[in-house]
Amino acid sequence: MAFAFGLSFGVLAKASGMGSLAPVVMSMTTFAGSAQFAAASVIGTGGGALAAIGAASLLNTRYAPISLTVAPSLGGSWPSRLLQSQLIVDESWAVAQSGGGRVDRRTLVGAGALLWVFWVGGTTVGVLGAGFIGDPARYGLDAAFPALFLALLVALVDSRRALLAAVLGATIALALVPFSAAGVPIIAASLACLVGLWRR
Amino acid sequence: MPRGAVAPVSEVWLVVLVVGAVTVGLKAAGPVLLGGRDLPPFALRVVVLLAPALLAALVAVGIFGGDRELVLDERVAGLGAAVLALLLRAPILVVVIAAAVATALARGLT
């Protein structure tokens, strides 16, 4: 699936006029699907570099709180922590949840590395074969990741408080979609976790 | 910009470099600064809820999000298929494939 998504990013980036090398380098370094899609589509619609950087960075600000949750699980020297932290993506982080807010380091790194290989490989194939493949949305891929997130969410909601955070997060995000730049709704939704401060 | 057009090369690389650097920094922030240490209990209570909140937001925006608007389109069929598969206790891969197939089918019909 990561391969298919990487493929669609390659196709889209190429169609947006990003050339062939830049999308692949971006997949290797940025390694965050939604931000890369956002950057490519802003460039493709002539939005300019600043808007593309803004949209993509905003989408990725969620990695600040996410990386905080991973911090207790990653030990070792700081260069090794730096390297391992780059394998954090929504999917690797989501599958590595081991309950109680803890993250399983092996799962995170293993899944992250696997996703990275497929993501970069998919992007390369997509860039090279852009001419032969049609619109990736036709294959229903845009619904595949939300479905994955939903399945992971169901497994995570183990208390009333978690359910409340989920409902609140989704509501905040949807309410903000019409009024804010891409990325803002997701970041704002992370505020829903503050219900954890409320003592019963 | 028409298909196959080329954006200014330096502009594209500026985006690639800046977004790459920002993302590397954001991902590294927690583990490099805190690595290996435990979070205080009140922080843990908040952090536990971060996953459900963010995942729910990603689902909602992924299905209903448009360009600064909420839209009802074929992705809803995908969501429906995913929910059905989850209710039937299907494995995650089946849930994901069901969503993609349902969305693609709905697109084929419309």
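A brief report on the enclosed structure follows. (Residues numbered from 1 in each chain as written. Chains lettered and ligands numbered in written order. Predicted model: local features only at pLDDT ≥ 70, side-chain atom pairs only at ≥ 80, totals over all residues.)

Bringing the interface of chain B and chain A into the picture now. At the interface, 71 residues of chain B touch 90 residues of chain A. Sorting the residues of the side of chain B that touches chain A by element identifies α1 (9–34), α2 (41–48), α3 (50–64), α4 (75–87) and α5 (92–109) of chain B as the ones contributing at least two each. At 20 residues, α1 of chain B tops the list of elements feeding residues into the side of chain B that touches chain A. For the side of chain B that touches chain A, the class distribution of residues is 52 nonpolar, nine polar and ten charged. (Contact = placed C-beta atoms within 7 Å. Helix = DSSP H or I, 4+ residues; strand = E, 2+ residues; numbered from the N terminus. Nonpolar A, V, L, I, M, F, W, Y, C, P; charged D, E, K, R; others polar.)

Residue and element names in this part refer to chain B. Here the phi dihedral of Arg68 falls at roughly 55°; this positive angle occurs in a residue that is not glycine. By secondary structure assignment, the location of Arg68 is in the loop between α3 and α4. Judged by the 11 C-beta atoms lying within 10 Å of it, Arg68 falls in the exposed class. For Arg89, which is not a glycine, the phi torsion comes out positive at approximately 60°. Mapped onto the elements of the fold, Arg89 is located in the loop between α4 and α5. When the 8 C-beta atoms within 10 Å are taken as the criterion, Arg89 is described as exposed. (Buried ≥ 20, exposed ≤ 12 C-beta atoms within 10 Å, placed from the backbone.)

The next subject is helix α9 (residues 141–156) of chain A. Given a rise of 1.5 Å per residue, 16 residues ought to cover 22 Å, and the 24 Å separating the end C-alpha atoms of α9 of chain A matches this to within 8%. Of all the 16 residues making up α9 of chain A, 14 are buried; the element is thus mostly covered by neighbouring parts of the structure. (Expected span 1.5 Å × (residues − 1).)

The values are spatial; any link to function lies outside them.
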